[in-house]
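One-letter residues, chain by chain:
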Amino acid sequence: MSKSLSNAPRILPLPEPGSVRQLLRDLWVLAKARVVSLLVFTAAVGELLAPGTLNHWPAALAGLVGIALAGGAGGVLNQIVEPDLDQHMRRTHGRPLANGRIGRSGAILYALVLMSLAIAILATWTNPLTLVLTLLGTVGYGVVYTLYLKPSTPWNIVWGGLAGALPPLIGWTAVTGHLAALPLVLVALIFVWTPAHFWPLAIYCRRDYAQACIPMLPVTHGVDRTRREVVRYALATWAVSMVPAFLNQDWIYGAIAGVAGAWFVAMALRLKGMRIDADMDRYARRLFAFSISYLFLIFTALLLGKAALAYGIV
């Protein structure tokens, strides 16, 4: 009896529930899922604004899944390159690679799996243009921005922001297979919004960026110059956000975009006029948080405006 028991196959113990939760949490953070959710949202709006979305729903769904997977791969690539820098930042020192909970080889494998799935899904269910645009966005953020722009120029977020501006166009092309004026305007909107969105956070984190030797604008050109640029880009965001109202004769969207843009500019002007102290730092972080809500509001307003036009409300 004892012999038969000793020869019985051993059953490996299941991993502790806490360790599984931690691993899933780390994979979520490694893929920058919160950032990716904004990319997927803007892509979804691009799809819903496109003509014939319901007739092409498999391609639309595949486009969103592909963007999510590719965006996650870009987030992983960003952290593979920067674990040493992340260790110097209060905001990022707890990330899985910086903290050592996940090794670089595991992160590389994770990025490869995410990117391979994204390519397979987009190549099978969408079209070549959508696949190319998605690859450009992923390489633009994960490689060009992370490896070359971020460590070399204070204008990194301006040019690097183009990669994060592509999802509305990618969503549109997933449904239609071609370019159009409206999604290109939305790309321009996110492009000019990105510096006004990110630089307030860079002001708040400027000491960490200086310690990590990252040439963000507040480090290289000072807080005053950065605040002036925030105002300029907030004004540009307001101006570009009004273009869809004229393209579509959509005055419901136009009214929302006009008020939201004015509020964005007013907050940027207030930041510009504040003394450089702890209160200003807290307000800069508040402006950063508001800018995310602003973009959600603008893109939601586009859908409301389209619905209103479709049902003859305006």
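Owing to the predicted nature of the structure, the values given are computational and were not obtained by experimental measurement.

Trainee: Can you help me understand the overall build of the protein in this one?
Mentor: Helix and strand counts for the protein stand at 17 helices and 0 strands. Taken over the C-alpha atoms alone, the protein extends approximately 85 × 55 × 30 Å along its principal axes. Here the protein, with 314 residues, has 49% of them falling under the buried criterion. Sequence separation of at least 24 residues holds for 74% of the intrachain contacts in the protein that already meet a minimum separation of 6. Of the roughly 15400 Å² of accessible surface on the protein, a fraction of 68% belongs to carbon and sulfur atoms. Of the side chains in the protein, 25 bear a positive and 13 a negative charge, and the two mean positions are spaced by 2 Å.

Trainee: Hey, could you run me through a nonpolar patch on the surface in this one?
Mentor: Together, Val 81, Val 139, Val 144, Leu 147 and Tyr 148 make up a nonpolar patch on the protein surface, roughly 430 Å² of accessible area in all. Looking at the nonpolar patch element by element, the count peaks at 4 residues for helix H8 (residues 128–149). The residue Val 81 is located in helix H4 (residues 57–81) in this model.

Trainee: Just to check I follow, could you spell out the packing of helix H10 (residues 167–176) against helix H11 (residues 181–204) for this structure?
Mentor: In helix packing, the relevant descriptors are the interaxial angle and the interaxial distance, both defined with respect to the helix axes. It is the contact of H10 with H11, at a shortest axis distance of 7 Å, that shows an interaxial angle of 160 degrees. Judged by the angle between their axes, H10 and H11 are roughly antiparallel. Mapping the contact onto sequence places Pro 168, Leu 169 and Trp 172 in H10 and Leu 182, Pro 183, Leu 184, Leu 186, Val 187 and Ile 190 in H11.

Trainee: For this particular structure, what's the right way to read the nonpolar core?
Mentor: For soluble globular proteins, nonpolar side chains are generally found buried alongside one another. Judged by nonpolar contacts, the single largest core of 66 residues is most densely connected at Phe 198, Trp 199, Tyr 209, Ile 298 and Phe 299. Ignoring anything within four residues of it in the chain, the contact list for Phe 198 reads Ile 157, Tyr 209 and Met 216. Core analysis: the next-biggest nonpolar cluster, separate from the first, contains 17 residues, Leu 69, Ile 80, Ala 107 and Met 115 among them.

Trainee: How should I be thinking about the packing of H8 against H10 in this particular structure?
Mentor: Where H8 meets H10, the axes come as close as 8 Å, and the angle between the chain directions of the two elements is 165 degrees. Classified by the angle between their axes, H8 and H10 sit roughly antiparallel to one another. Note on packing geometry: the crossing formed by H8 with H10 is left-handed. Across the interface between the two elements, Leu 129, Thr 130, Leu 133 and Thr 134 of H8 pack against Leu 169, Ile 170, Thr 173 and Ala 174 of H10.

Trainee: Before we go on, may I ask you to explain the pattern of salt bridges in this structure?
Mentor: Oppositely charged side chains can pair when the atoms bearing their charge come close. Under the counting rule described, the total for this entry stands at 7 salt bridges. Where Arg 207 meets Asp 281, a salt bridge forms, and the shortest distance between an N and an O atom there is 3.4 Å. Placement of Arg 207 in helix H12 (residues 206–211) and of Asp 281 in helix H17 (residues 278–310) is noted, with a sequence separation of 74 residues between them. Across the pair Asp 279 and Arg 282 runs a salt bridge whose closest N-O atoms are separated by 2.2 Å. With Asp 279 and Arg 282 both in helix H17 and 3 residues apart, this pair spans about one turn of that helix. Linked by salt bridges that have partners in common, Arg 206, Arg 207 and Asp 281 make up one network.

Trainee: Is there a simple way to think about the packing of aromatic side chains in this case?
Mentor: The relation between two aromatic rings is expressed through the spacing of the ring centres and the mutual angle of the planes. Inspection of every chain in the model, using the stated rule, returns 9 aromatic pairs. Geometrically, the ring pair formed by Phe 290 and Tyr 294 is tilted, given 6.5 Å between the ring centres and 40 degrees between the ring planes. With Phe 290 and Tyr 294 both in helix H17, this residue pair falls 4 residues apart, about one helical turn. Here the aromatic cluster, defined as three or more aromatic residues joined through ring pairs, consists of Trp 155, Trp 199 and Tyr 233.

Trainee: Explain the environment of Leu 271 here, please?
Mentor: Take Leu 271: it is sitting in helix H16 (residues 251–273). For Leu 271, a relative accessible area of 0% gives the class buried.

Trainee: In this structure, what is going on with the side chain of Ser 291? I would like to understand it.
Mentor: Looking at the secondary structure, you find Ser 291 in helix H17. A relative accessible area of 0% places Ser 291 in the buried class. Looking at Ser 291, its side chain comes within polar contact range of the side chain of His 197, at 2.7 Å. Leave out the neighbours within four places in its chain, and Ser 291 touches Trp 193, His 197 and Phe 264.

Trainee: Would you take a moment to explain helix H14 (residues 222–241) for this structure?
Mentor: Turn by turn, an α-helix covers 3.6 residues, leaving residues three or four places apart pointing in a common direction. Spanning 20 residues, H14 covers 28 Å between terminal C-alpha atoms, matching the ideal 28 Å at 1.5 Å per step. Buried residues of H14: Val 223, Thr 226, Arg 227, Glu 229, Val 230, Val 231, Tyr 233, Ala 234, Thr 237, Val 240 and Ser 241, and no others.

Trainee: How should I be thinking about the environment of Thr 134 in this particular structure?
Mentor: Inspection of the secondary structure puts Thr 134 in helix H8. Residues Thr 134 and Pro 167, spaced 33 residues apart in sequence, show a C-alpha to C-alpha distance of 7.9 Å.

Trainee: What am I meant to see in H11 here?
Mentor: For H11, which comprises 24 residues, the first-to-last C-alpha distance of 36 Å matches the rise-based estimate of 34 Å (1.5 Å per residue) to within 8%. Maximal helix bending in H11 amounts to about 30 degrees, located at Trp 193; proline Pro 195 follows within four positions. When you tally the buried positions in H11, you get 19 out of 24 residues, the bulk of the element.

What counts, and where the lines are drawn
Residues numbered from 1 in each chain as written. Predicted model: local features only at pLDDT ≥ 70, side-chain atom pairs only at ≥ 80, totals over all residues. Heavy atoms only, no water. Helix = DSSP H or I, 4+ residues; strand = E, 2+ residues; numbered from the N terminus. Buried < 20%, exposed > 50% of the residue type's maximum accessible area, 1.4 Å probe, protein only. Contact = heavy atoms within 4.5 Å. Areas by Shrake-Rupley, 256 points an atom, 1.4 Å probe, with all protein chains shown as cover. Lys, Arg positive; Asp, Glu negative; His and termini not counted. Charge placed at Lys NZ, Arg CZ, Asp CG, Glu CD. Patch = residues over 30% accessible without salt bridge, like charges linked within 9 Å, V, L, I, M, F, W, Y side chains within 5 Å. Salt bridge = Lys/Arg side-chain N within 4 Å of Asp/Glu carboxyl O. Axes fitted to C-alpha atoms, helices over the stretch in contact; angles between N-to-C directions. Parallel < 35°, antiparallel > 145°, perpendicular 65-115°, else oblique. Core = buried A, V, L, I, M, F, W, Y, C linked by side-chain atoms within 4.5 Å. Left-handed = near helix turned anticlockwise from the far one by under 90°. Phe/Tyr/Trp six-rings, centres within 6.5 Å; stacked < 30°, edge-to-face > 60°. Polar contact = N/O pair within 3.5 Å; in protein donor to acceptor, adjacent residues only side chain to side chain. Expected span 1.5 Å × (residues − 1). Bend = angle between axes of the 7 residues up to and from the residue.

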